[in-house]
Amino acid sequence: MREISYEILDLMEEYGADEEGIRRILERDDRPEVLFTLSPVRENLVEWIEIQPEDRVLEIGSGGGAVTGILAQKAKEVLVLDPRLETLEVDKRRHGDLGNIRYQCGDLETLEREGGPAGRTFDHVFLLGPKAEGEEKDGGAAGAKAERAAADRCAAGRRLVQRAAAMVAEEGQLILALPNPQGLKYLAGAKADPKELSMSLKELKELFAGLGGQASFYYPLPDHKLPTAIYSDGYLPVKGELPSLSAEYERSRYQLFSEEAVIDALGAVGGFPPFANSYLVIWRKGHGANTFR
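First, a word on what this report is: a plain description of the structure on this page. Keep in mind the model is a prediction, meaning the values are calculated, not measured.

Conventions adopted
- Residues numbered from 1 in each chain as written.
- Predicted model: local features only at pLDDT ≥ 70, side-chain atom pairs only at ≥ 80, totals over all residues.
- Heavy atoms only, no water.
- Phe/Tyr/Trp six-rings, centres within 6.5 Å; stacked < 30°, edge-to-face > 60°.
- Helix = DSSP H or I, 4+ residues; strand = E, 2+ residues; numbered from the N terminus.
- Buried < 20%, exposed > 50% of the residue type's maximum accessible area, 1.4 Å probe, protein only.
- Lys NZ or Arg CZ within 6 Å of the ring centre and 35° of its normal.
- Polar contact = N/O pair within 3.5 Å; in protein donor to acceptor, adjacent residues only side chain to side chain.
- Contact = heavy atoms within 4.5 Å.
- Core = buried A, V, L, I, M, F, W, Y, C linked by side-chain atoms within 4.5 Å.

Taken as a whole and judged by the stated rule, the model has 4 aromatic pairs. Geometrically, the ring pair formed by Tyr219 and Tyr279 is edge-to-face, given 5.9 Å between the ring centres and 70° between the ring planes. In this pair, Tyr219 is assigned in strand β6 (residues 214-221) and Tyr279 in strand β8 (residues 278-284), connecting sequence segments 60 residues apart. Considered together, Tyr219 and Tyr279 belong to a single accessibility category, that of buried residues. Ring geometry for Tyr231 versus Tyr235: centroids 6.1 Å apart, planes at 5°, classification stacked. Overall, the relative accessible area of 6% leaves Tyr231 in the buried class. Here Tyr235 falls in the partly exposed class, since its relative accessible area comes to 48%. Within the aromatic cluster, the residues linked to one another by ring pairs are Tyr219, Phe272 and Tyr279. The lysine or arginine in question, Lys205, covers the ring of Phe217, its NZ or CZ lying 5.7 Å from the ring centre.

Shown next, in the form of structure tokens:
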């Protein structure tokens, strides 16, 4: 399958990569993959996060520049790390005129070879929608083989988060966003992206408990890809204020139950978090051991 970044580069050649060009591309092409890369709604996920003018940021996975611009507006410098040259090229065409962004083709091993976590740390490390590494599920594979492959990908995902956390400077923070396999949209019939790492709330809490520090959990709705609202344990969704959960960018699917009605019911008994479609976790290093909020 042709990587979507190549198609976006073709569209940029035709319409341009500036704000007006992006607007024209979105008017012409509303495929989910294009929206996830180019829609300004994606910035809602991170625009509220406090970043100081002297801070250094590492963005692991370019996402075609979906949030790179907003990070560069806040920070002193941003290093964008991605193994795909074509994805970095989309990012460069959008934000290359900003002088505080550096692009590097590679992964965390690339940075580790340059000096290791102790010599290369950042005030903020962003890991948004990381890919699930390892063997992909074969549609014709036996159940046991598919389960082993899924377990391997999950283990690789945990290692990725742990290695990203090692890149965080003392008193810095790791920002992780990913889907929840037990999210209501998936229970209601939506198809999960097998290429994207996903974890349940229980798995995330176990993972961050092992890292120490302080982890805060947030719940973007409809999800982390195009969030229109972000909730927290201090303010959970209540009836009457929910964003549209039947997102228009999703492909047609059967809906087995009303997600809005279930969220209302879960909210009434404080049971929403385990069934959120996505999680946004902000983990702060050096803020005590194994604390959550």
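Further remarks concern the side chain of His124. Position of His124 relative to the elements: it lies in strand β4 (residues 122-128). Assessed through its relative accessible area of 5%, His124 is described here as buried. At 3.2 Å, the side chain of His124 forms a polar contact with the side chain of Gln173. Leave out the neighbours within four places in its chain, and His124 touches Glu50, Ile51, Asp55, Arg56, Val57, Leu58, Gln173 and Ile175.

Counting residues in each nonpolar core, the largest one holds 39 residues, and the members touching the most others are Leu58, Leu108, Val125, Leu174, Leu204 and Phe208. Excluding its chain neighbours within four sequence positions, the residues that come into contact with Leu204 are Leu176, Leu178, Met199, Phe217, Tyr279 and Val281. If you look at the next biggest cluster of nonpolar residues, it comprises 23 residues, including Val67, Ile70, Val78 and Leu128.

Glancing now at the environment of Leu211. Along the polypeptide, Leu211 turns up in the loop between α10 (201-209) and β6. When the C-alpha atoms of Leu211 and Ala165 are compared, they prove to be 8.0 Å apart, with 46 residues separating the residues in sequence. In contact with Leu211, not counting residues within four places along its chain, are Gln162, Ala165 and Trp283.

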